[in-house]
Amino acid sequence: MGTVIQGETDHYEHISREASRALMEIAVQQTVALGFGILTCDTKDQALARAAVDQGNKGADAARACLRMMEVKKDLRLAQR
């Protein structure tokens, strides 16, 4: 989980892209469920709003999605027996 906030350079674009690529690569190579909880925002205020419990709580959404994927993987393993 994390946040990348856009600054004055294109560093924001590189970090966002490479974090996404690396997480996908890990998930594929290791066959693990990963939660993608990286906010890409223009301002600190946007990041705080998206993480606020009363305004969306995107971190909790990402955590729930990861837990659900873990359940699906477990169910698939049990079905193969």
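Quantities reported herein were computed from a predicted structural model and do not represent experimental measurements.

Parameters at a glance
- Residue indices begin from 1 for each chain and proceed along its sequence in written order.
- Whole-chain, interface and lining totals are the exception, using all residues; otherwise, since this is a predicted model, local features are given only for residues with pLDDT of at least 70 and side-chain atom pairs are given and counted only at 80 or more.
- Side-chain metrics rest on all non-hydrogen atoms present in the structure, leaving aside hydrogens and water.
- Helical segments are the DSSP runs of H or I of at least four residues, strand segments are the runs of E of at least two, and each set is numbered from the N terminus.
- The reference for a compact globule is 2.2 Å times residues^0.38; the radius of gyration itself is calculated from the C-alpha atoms.
- Think of it in three bands: with a 1.4 Å probe and only protein chains considered, a residue is buried below 20% of the maximum accessible area for its type, exposed above 50%, and partly exposed in between.
- The contact rule is simple, with two residues in contact once any of their heavy atoms fall within 4.5 Å.
- Here the positive residues are Lys and Arg and the negative ones are Asp and Glu; neither His nor the chain ends is included.
- Here the site of a charge means NZ on Lys, CZ on Arg, CG on Asp, or CD on Glu.

(A) Representation of the overall build of the chain within the structure. If you tally the helices and strands in the chain, you get three helices and two strands. Reading the helices (α) and strands (β) of the chain from amino to carboxyl end gives β-α-β-α-α. A compact globule built from 81 residues should have a C-alpha radius of gyration of about 12 Å, whereas the chain, at 15 Å, is more than 25% larger. A buried classification covers 14% of the 81 residues belonging to the chain. The contacts of the chain with a sequence gap of at least 6 include a subset with a gap of at least 24, amounting to 56%. Averaging the locations of the 11 positively and 11 negatively charged side chains of the chain gives two centres separated by 12 Å.

(B) Quick peek at the environment of Ala51. Positionally, Ala51 belongs in helix α2 (residues 44-51). The class for Ala51 is partly exposed, based on a relative accessible area of 39%. Spatially, the C-alpha atoms of Ala51 and Asp61 are 9.8 Å apart, while their sequence positions differ by 10 residues. For Ala51, the residues in contact, after removing those within four places along its chain, are Leu39, Asn57 and Lys58.

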